[in-house]
Amino acid sequence: MAIIEGRNPVLEALKNDREIDKIMVNKAAKEGSIKKIVAMAKEKKVILQQVDRHKLDEMSESHSHQGVIAIISEYKYYELDEVLKIPKEKGEDPFFIILDGITDPHNLGSIIRTADAVGAHAVIIPKRRSAQITPVVAKASAGAVEYVPVCKVTNIANTIKTLKENGLWIAAVDMDGESFFRQNLSGALALVVGSEGSGISRLVKENCDFTVSMPMSGNVTSLNASVAGGILLYEVYRQRNAKK
């Protein structure tokens, strides 16, 4: 069993026809989006249970449930061959985000949210030494986890080799890389974002085709992983859509 917390994540799960066992709502909350959740749940014949806020507080993992928690089945991760089919079916150049050791669930959720905004086809994470899909991640993604496929792999370096065999270029986000102002980030691409502390591991970086960095003129020489990832994702989006 797993849970989804927060009004927007639960709404997105309902819109996306996610299999929901039950939705628990604070019986004192009756305004705005709660009414919409209740109406949509009734329409989709999802079990509704009105409970005290104390009950939701006990269940909450994010500590920000906003008066609603949905009980769902465990998140179903995608296989690599499944996500490789997505851009082909859409007739688009592949655009994947590879996260090498992102352990902060808020960063993972934020990157998934940005991935949805820029039309990325999937986010790829390792099975170990990485944040996984949890209620905190779903909440931080504002429901985007319902739309962006997340693929969990055993070995990032081997995954990169497979992506190359399928025609993708692999770009590593690295402080010592070439400025993204001078890099071609259009076409079939996977962007690798490293961990919050140590960045991209040596073996993973060695398997990337090139590195890309963000020019910075301030006194702080690094950015939060989700912020850095967001900037680069939008640069990819800009270049992919420059002629539209």
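If you're wondering where the values come from, they're calculated on a predicted model, not measured in any experiment.

Participant: Just give me the short version of the packing of helix α1 (residues 7–15) against helix α2 (residues 32–43), but keep the residues and values in it.
Facilitator: Look at α1 against α2: their axes get within 10 Å of each other, and the N-to-C directions meet at 25 degrees. One way to sum up the angle between α1 and α2 is to call them roughly parallel. Where α1 crosses over α2, the two elements pack in a sense that is left-handed. Across the interface between the two elements, R7, V10, L11, L14 and K15 from α1 touch S33, I34, K36, I37, M40 and A41 from α2. When its residues are assigned to classes, the contact of α1 with α2 shows seven nonpolar, one polar and three charged.

Participant: For the pairing of strand β5 (residues 95–100), give the residues involved together with the corresponding values.
Facilitator: Most of β5 sits out of view: six of its six residues are buried. Across the two faces of β5 the burial is the same, with F95, I97 and L99 and F96, I98 and D100 all buried. Judged from the six bridges that link them, β5 and strand β9 (residues 189–194) form a sheet pairing that is parallel. Bridged to I98 within β9 is V192. Between the parallel pair β5 and strand β6 (residues 122–126), the chain is carried across by helix α5 (residues 105–117), and the sense of this crossover is right-handed.

Participant: Explain the pairing of strand β3 (residues 47–51) to me, and be specific about the residues and the numbers.
Facilitator: Sheet analysis places strand β2 (residues 20–26) next to β3, joined by five bridges and oriented parallel. Within β3, the position partnered with M24 by the bridge is Q49.

Participant: Explain the packing of aromatic side chains residue by residue, including any values.
Facilitator: For the structure on display, the rule yields three aromatic pairs. Between Y75 and Y77, the ring centres sit 5.0 Å apart and the planes meet at 75 degrees, which makes this aromatic pair edge-to-face. For the pair formed by Y75 and Y77, the shared burial category is buried. Look at Y234 and Y237: their rings are 5.8 Å apart centre to centre, the planes differ by 70 degrees, and that puts the pair in the edge-to-face class. With Y234 and Y237 both in helix α9 (residues 225–240) and three residues apart, this pair spans about one turn of that helix. Given the relative accessible area of 41%, Y234 is considered partly exposed. On the basis of relative accessible area, Y237 is assigned to the partly exposed category, the value being 34%. The ring centre of Y78 lies 5.3 Å from the NZ or CZ of K76, which sits over that ring.

Basis of the calculations
Residues numbered from 1 in each chain as written. Predicted model: local features only at pLDDT ≥ 70, side-chain atom pairs only at ≥ 80, totals over all residues. Heavy atoms only, no water. Axes fitted to C-alpha atoms, helices over the stretch in contact; angles between N-to-C directions. Helix = DSSP H or I, 4+ residues; strand = E, 2+ residues; numbered from the N terminus. Parallel < 35°, antiparallel > 145°, perpendicular 65-115°, else oblique. Left-handed = near helix turned anticlockwise from the far one by under 90°. Contact = heavy atoms within 4.5 Å. Nonpolar A, V, L, I, M, F, W, Y, C, P; charged D, E, K, R; others polar. Buried < 20%, exposed > 50% of the residue type's maximum accessible area, 1.4 Å probe, protein only. Pairing = 2+ DSSP bridges. Right-handed = clockwise from strand over helix to strand, strands pointing away. Phe/Tyr/Trp six-rings, centres within 6.5 Å; stacked < 30°, edge-to-face > 60°. Lys NZ or Arg CZ within 6 Å of the ring centre and 35° of its normal.

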